[in-house]
Amino acid sequence: MTRAGVSLLLFAIHLSLGHSDYAPYFYDNERGSLSGNMALFSLSEDTPVDTQVYVLNGTDPEGDSVRYGVAFEKGSKEYFKVDPKLGNMTLISELDREHQDEIAVLVSITDGRNKVVEKVRVFITDANDEKPEFLNLPFIVDVPEDTPEGTSLYKVQAVDRDLGSGGSVSYFLQSSPTTKFTIDSHSGVLRIKPGEKLDYETTRTHFITVVAKDGGGKCNGKYQVMTSTATVTINVLDAQDTPPAFVGTPYFGYVYEVSVPGSEIFTVSAEDGDEGNSNPIRYSFVNGSGGYFSINSTTGCISLLTYPVQLKNELFELKVKASEVGPENEDLSYAITMVTIRVVDLNNHPPTFYGENGPQSRFELTMYEHPPEGEILRGLKITVNDSDQGANAKFKLRLVGPGRVLRVVPQTVLNEAQVTIIVENSTAIDYEKYQFITFKLLAVEIDTPERFSATADIIINLLDTNDNTPKFSSEYYIARIPENSPGGSNVVAVTASDPDSGLWGEVKYSIYGSGADLFLIQSASGIIYTQPWASLDAEVKSKYNFYVKAEDTEGKYSLAEVFVTVLDLNDHSPEFNDNFLEKTMVIGAPVRVEAIDEDAEEPNNVIEYSIMRADPDNIFEINKATGEIKLKSYIKSMEIVNNITKHKDCKWSLVVQARDQGNPSFSTTTVLKIDITEATPLKGPMAAFLMQSRDNPLKALCMMAGLISVMVLVTILISTALFLRNSKSNRIMPARRIIRRRRRDPPPNFTFSLNYKSPFSRPDNAGGALADEDPESNTGRNVESAGGQNINLNNNSPRPKPPPPSAPRPPPPPASNYRPSERVRPVPTVSGALASTCSKNSRHDSENSVSSALVSELKMKLEQKILEANRGGYYH
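Everything quoted here is computed from the prediction, not taken from an experiment. (Residues numbered from 1 in each chain as written. Predicted model: local features only at pLDDT ≥ 70, side-chain atom pairs only at ≥ 80, totals over all residues. Heavy atoms only, no water.)

A. Representation of the overall build of the protein chain within the structure. When its secondary structure is counted, the protein chain shows five helices and 62 strands. Put simply, the protein chain has 876 residues, and 37% of those count as buried. Sequence-distant contacts in the protein chain: of pairs separated by 6 or more residues, those separated by 24 or more amount to 67%. Carbon and sulfur atoms form 52% of the exposed surface of the protein chain, whose accessible area is close to 51000 Å². (Helix = DSSP H or I, 4+ residues; strand = E, 2+ residues; numbered from the N terminus. Buried < 20%, exposed > 50% of the residue type's maximum accessible area, 1.4 Å probe, protein only. Contact = heavy atoms within 4.5 Å. Areas by Shrake-Rupley, 256 points an atom, 1.4 Å probe, with all protein chains shown as cover.)

Here's what the structure looks like:
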């Protein structure tokens, strides 16, 4: 190549390198990093599905955006998915290290033009999620019963596929207080527990539960230990270590009177204690049997060798030996038992009843009812016998029939006895209940296996006695009969019965008592009827009661009471007091009419009132039940009454009817003359009350008395309260003196006029005060000195100093022409005023004493002030 060609090639390569496109790449990551290309990444098998486990991270040299991808080899399971933009790797399938411990993943990165694919391996780490698994199941072990303690019986093996401590396995047995085994916790070797032995005869099979436990580890964020269980079946094999044992001990045999030589008496039976590998048994007597019995060495059957009469004893005790036979016909272990043989009588005769003529199964007796209790039925001659001996001849007697009526003596018999039957319940032996009574007499053996028995019928025919009293069907009878029934009318039929037979059962009736005068009874039928002349009237007497007697032929009787009610009939008409009545009606108040019906019962004596005729009509209305008549509601004054009728006397007539409610119904009428007057001038509630109570003055009087009592009580309480109050607050109030010259001649003496106001009267009270006198008589009053000189006491005229005055005299009485409406004029007086708020109506005797004391004190003060004024030459 020329130099120019080489230069051209180099230039082309340079241009190519200046415009090249580089592929994207993953960032390298270290162990434990969660970002990069997943190299050296490991994941625990217990990671939950849908967990973000890694972030793919890479770049493009040119800075272009990259996208990520994940793929798996063909045929393998997909475990992850990736977000193409963000590179977030998410687990989408469950992991199982024991099934697959690593996953081959193809991760890719691309910038759109170049794509880089890398194959990485994700390692799956272990979690303790596997239980130990036993191998070689089921565990069945056969162990001889004579195996020594501590001997290894079996090795249990279990594996755990987890790693580390979670894969280690240890063993233990579930706790049981009766277990005879133990297990090595590391090797799983099963042994017989020290101090324990196996016994085939006691327990032939043992079931042991072995628990395999791993070393524990974390799973799903929690520490856990996994266990598994398995059952080991240990079959105990029998060994020749147990002697034979007799079955069904103790043994008893019997030789009966009919036994013959060769008869089998009893068979003993023994079994080898080693049931799994038993030896044959050989039977024999120990110390012989006296030549009376023999035993079969193979079957153990004991037989009689002689007749029973040749046996010298009644009781034989034989020792029998059962021995195991070895392989060479040698005796091995053995057992001995006792067999008791008793010589007994054969129970071949049942009990039998005998009468006077030999064996008998039916006995009959006739007797009167109700024999005395404790009486022996001597008409029955019964004997019972059992021909056996000893216990075979012992039996019991029992009567079967109506309970506790008769009893038998004796109740226990040995061989033979005379049977006695005694009356126990006399009341139950009643002819009216039973004409005959049947019993079964039983004889049953007590101590024999056969329990032989015999029966005999006992029939007792009863004769009647007069032991019953006639009895009425009811203790009392209630009858009803209408009044005015004709004589001889049937009232009621009484019934009594006597269960006795014949003439003793016939009943006769009679009647007696204070209420039986109007009645008779038929002695045979018990029909009660009225006397032929009897007349029943419910208004006169409606109730009768008397007694009836039922008596038999021997005078036994019973009583019953009869109550007869006479039914009222409507046979009386209502009656007014008079056929012509007069009433005065005040407007607003009713008047009342009353009729009486002499019938005894409702509704015959219930009366209904009505107005048959009135002139004018439709003015009055009447209460149907009470007979109250009043004006229509619109008539409220005499003016309305006068407008209705032209009769100025206001007297109207009514025809009032009274009708009873019987069937048929009766009625009567009366003429009622009503004088209508104006209501009293009284007004208010009191007037209305008096108007309503005018027909009941006692009610009005009681109401007025109660009202007055309340008023008196209130007055006393108010007066007491005021007195207590004023006795603490009374005080003397000064009053201005007004002294004027009198127009008339002065009196011969110098006088003072006192105007005293009681503390218990109003300030304007005129009682006993000069202010209540005639004003003209008190105008211009003069006072005269001791020397007879007149002195003007007016405040506006100074005067020379007067001489000391004389004692004042009481003021003159008030003028008779005083009127409260006139103006009270000032009077010349020297007075004191006592302020009080009490009324003049509340004076009491105690006030008079207080007033007298105050007046005396007031006089003394006034005299002292006048003397001082005279000395000073002026008045206040």
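B. Local environment of the sheet that holds strand β13 (residues 152–155). Ordered in space as β13-β17-β16, the three strands form an open sheet in which the pairing is antiparallel. Edge positions in the sheet fall to β13 and β16 (181–183), since each of these pairs with one other strand and no more. Between one strand and the next, the sheet's axes are offset by a mean angle of 25°, whatever the strand orientation. Two strands pair when backbone bridges link them, and β13 and strand β17 (residues 189–192) are joined in this way by three bridges, in the antiparallel orientation. (Pairing = 2+ DSSP bridges. Axes fitted to C-alpha atoms, helices over the stretch in contact; angles between N-to-C directions.)

C. Summary view of the pairing of strand β33 (residues 362–368). The alternating pattern of β33 places F363, L365 and M367 on a buried face and R362, E364, T366 and Y368 on a face that is not buried. Of the strand pairs in this sheet, β33 and strand β40 (residues 453–463) are connected by seven bridges, and their pairing is parallel. Paired with T366 across the two strands is N461, which belongs to β40.

D. Molecular detail of the side chain of T668. Within the fold, T668 resides in strand β58 (residues 667–677). Judged by its relative accessible area of 18%, T668 falls in the buried class. Sequence-distant contacts of T668, that is, excluding residues within four places in its chain, are made with P574, E575, F576, V656, Q657 and A658.

E. Representation of the packing of aromatic side chains. Within the structure shown, the criterion is met by 17 aromatic pairs. Taken together, a centroid distance of 5.2 Å and an interplanar angle of 50° make the contact between Y251 and F266 tilted. Linking Y251 in strand β23 (residues 251–256) with F266 in strand β24 (residues 264–267), this pair joins segments that are 15 residues apart in sequence. On the basis of relative accessible area, Y251 is assigned to the buried category, the value being 2%. Judged by relative accessible area, which is 23%, F266 ranks as partly exposed. (Phe/Tyr/Trp six-rings, centres within 6.5 Å; stacked < 30°, edge-to-face > 60°.)

F. Representation of the nonpolar core in the model. F353, L406 and I458 are the most contacted members of the largest nonpolar core, which has 30 residues in total. Counting only elements with at least two residues in this core, the list comes to β33, β34 (382–385), β35 (394–400), β36 (406–409), β38 (416–423), β39 (436–445) and β40. Broken down by element, the residue count for this core peaks at five residues, all from β40. Residues Y509, L518, A534 and V562 belong to the second largest nonpolar core, which totals 26 residues. (Core = buried A, V, L, I, M, F, W, Y, C linked by side-chain atoms within 4.5 Å.)

G. Examining the environment of E356 more closely. When you line up the elements, E356 lands in the loop between β31 (352–355) and β32 (358–359). On the basis of relative accessibility, which here comes to 63%, the residue E356 falls in the exposed class. Separated by 24 residues in sequence, E356 and L380 have C-alpha atoms that sit 9.8 Å apart.

H. The arrangement of the confidence of the model for the protein chain in detail. Per-residue pLDDT for the protein chain averages 78, and the proportion of residues at 70 or more is 78%. Taken element by element, the protein chain is modelled with least confidence in strand β62 (residues 832–835), mean pLDDT 34, and with most confidence in strand β41 (residues 471–472), mean pLDDT 94. For the stretch residues 731–850, pLDDT sits under 50, and the model shows 208 contacts to residues farther than four places along the chain or on other chains. (pLDDT = per-residue confidence, 0-100.)

I. Examining a nonpolar patch on the surface more closely. On the surface, a nonpolar cluster with roughly 390 Å² of combined accessible area is contributed by F252, Y254, Y256 and V258. When you line up the elements, V258 lands in the loop between β23 and β24. You can call V258 exposed: its relative accessible area is 55%. (Patch = residues over 30% accessible without salt bridge, like charges linked within 9 Å, V, L, I, M, F, W, Y side chains within 5 Å. Salt bridge = Lys/Arg side-chain N within 4 Å of Asp/Glu carboxyl O.)

J. Broad picture of the pattern of salt bridges. Applying the stated criterion across every chain yields a total of 13 salt bridges. Linking R97 and E98 is a salt bridge whose minimum nitrogen-to-oxygen distance equals 3.4 Å. With a relative accessible area of 16%, E98 lands in the buried category. A salt bridge links K180 to E196; its shortest N-O distance comes to 3.2 Å. One end of the pair, K180, is in the loop between β15 (169–173) and β16; the other, E196, is in the loop between β17 and β18 (205–214), and 16 residues separate them in sequence. Given a relative accessible area of 22%, K180 falls into the partly exposed group. A relative accessible area of 24% places E196 in the partly exposed class. Each of D64, D111 and R113 takes part in a single network of salt bridges with overlapping partners.

K. Highlighting the sheet that holds strand β56 (residues 628–631). Strand order in the open sheet formed by three strands is β52-β56-β55, with antiparallel pairing between adjacent strands. Each edge of the open sheet carries a strand with a single partner, namely β52 (591–592) and β55 (620–622). Bridge analysis of β55 against β56 gives three bridges, and the strand direction is antiparallel. Opposite E621, over in β56, you have K630 as the bridge partner.

L. Looking closely at unusual backbone geometry. Each neighbour pair has its own omega, and for L137 with P138 the value is -5°, a cis peptide bond. With respect to the helices, strands and loops of the structure, P138 is situated in the loop between β11 (133–134) and β12 (139–144). In this model, N663 is joined to P664 through a cis peptide bond whose omega is 5°. Note on placement: P664 falls in the loop between β57 (651–660) and β58. Phi at N484 is positive, roughly 65°, even though this residue is not glycine.

M. Geometry of the environment of K193. Structurally, K193 can be placed in the loop between β17 and β18. Using a relative accessible area of 28% as the deciding quantity, one classes K193 as partly exposed. Residues K193 and F181, 12 residues apart in the sequence, show an inter-C-alpha distance of 4.6 Å. Within the structure, the side chain of K193 is placed 3.4 Å from the backbone oxygen of T179, a separation counted as a polar contact. (Polar contact = N/O pair within 3.5 Å; in protein donor to acceptor, adjacent residues only side chain to side chain.)

N. The environment of K396, seen in detail. Here K396 shows up in strand β35. Separated by 17 residues in the primary sequence, K396 and V413 place their C-alpha atoms 6.1 Å from one another. Setting aside residues no more than four positions away along its own chain, K396 makes contact with Q411, T412, L442, A443, V444 and I446.

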